[in-house]
Every structure is written in structure tokens, then in C-alpha cells.
Amino acid sequence: MSRDLPPVTVVASSNDEVTVNVLELICQSCAEHIVASCRQVEGVVSVKADRKEKLITLHFDSSLTTRERILAAVDDVVASIPCVPLVSREVRIHRTSIGARRVGRP
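Report on the accompanying structure.

The rules behind each value
- Along every chain, residues carry numbers that run from 1 in the direction the sequence is written.
- It should be noted that, the model being predicted, local features are given only for residues of pLDDT at least 70 and side-chain atom pairs only at 80 or more, the latter also being counted only at that level, while totals for whole chains, interfaces and linings use all residues.
- Just so you know, side-chain values use all the structure's heavy atoms and leave hydrogens and water out.
- Comment: elements are numbered from the N terminus, with helices defined as DSSP H or I runs of at least four residues and strands as E runs of at least two.
- Multiply 1.5 Å by the residue count of a helix minus one, and that product is the helix's expected span.
- Residue exposure (1.4 Å probe, protein chains only): buried if accessible area is under 20% of the type maximum, exposed if over 50%, otherwise partly exposed.
- The directions from the helix axis to the C-beta atoms are what the arc is built from.
- The pairing criterion is simple: DSSP has to find at least two bridges between the two strands.
- Only C-alpha atoms enter the line fits that serve as axes; for helices the fit covers just the stretch in contact. Angles between N-to-C directions range over 0 to 180 degrees.

Digging into helix α1 (residues 28-39)
Residues three or four positions apart in an α-helix share a direction because the helix packs 3.6 residues into each turn. With 12 residues, α1 ought to run about 16 Å at 1.5 Å a step, and its terminal C-alpha atoms sit 16 Å apart, in line with that. Those residues of α1 that fall on the buried side of the exposure criterion are Cys30, Ala31, Ile34, Val35 and Cys38. Seen end-on, α1 carries its buried residues on one side only, within an arc spanning 125 degrees.

Re the sheet that holds strand β2 (residues 17-21)
The strands that make up a sheet pair up through hydrogen bonds in the backbone, lying either parallel or antiparallel. Across the sheet, which stays open at both edges, the 4 strands sit in the order β1-β2-β4-β3 with antiparallel pairing between neighbours. The two strands at the open ends of the sheet, each matched to only one other strand, are β1 (9-13) and β3 (44-50). Each strand axis lies, on average, 20 degrees off the axis of its neighbour in the sheet, ignoring direction.

A closer look at the pairing of strand β4 (residues 55-60)
The side chains of a regular strand alternate, first on one face of the sheet and then on the other. The pairing of β2 with β4 spans 5 bridges and is antiparallel. In the sheet register, Asn21 faces β4, and the bridge partner there is Leu55. For β3 and β4, the ladder comprises 6 bridges, and the chain directions are antiparallel. Counterpart to Ser46 in the pairing with β4 is His59. Between the end of β3 and the start of β4, which pair antiparallel, lie 4 residues, with Lys54 showing a positive phi angle near 60 degrees.

Digging into unusual backbone geometry
Unlike most non-glycine residues, Lys54 shows phi in positive territory, near 60 degrees. Structurally, Lys54 can be placed in the loop between β3 and β4.

Listed below in C-alpha cells is the structure:
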């Protein structure tokens, strides 16, 4: 699937944990979809979402998978969010509206 936004960005990483910035992490439904889907990725032990900071932290078993596979899987999961077109529009509006306090769905 393709998306209008850049791939997820790594904020922190270690041998068995990765934290990524996910711009699409806006609504509770998106967060629940991302967390549930990421938990199904082979090797993922736990997933935590922080909607306020737009961060997802994944703990994984490095004997079963790699950081690169985790990142690719997260990108695929985020691209599959049903409301991504709306979210992408919101983020574009937010990015181009200097001083905008709240960006609502159309």
C-alpha cells in the first residue's frame, strides 16, 4: 500500500526494542489498529502507543526477527489503517497551516 506521508521514523533503538514516530497516530481507533496489528508481527513481544507524542515502542525477540523487519512491518501496518487518507489530509493541513491549533476531520 502507498501513503502520502514519509515512512515511520526511528526515534530510539536497541537490540530488542525500537521506538518510532508515527504521524498517523492521531485517533484512538488508529492507535488500537496499529497496536493490535503490530502484536501479530512475528517476534514482537509487546507494543506500546503514545498518542500524545505520536510514538510506538515495540519490544521484540531479536532471535526471531530484526529491527529492519519490524520497521517494515510497522510501515505496512500503518499504511493499512482504514482512515489513513483522512489522517494524511489532516497532517498535510497541519503542516501547512502555521499557527493552526486543531485540525479536524472533514
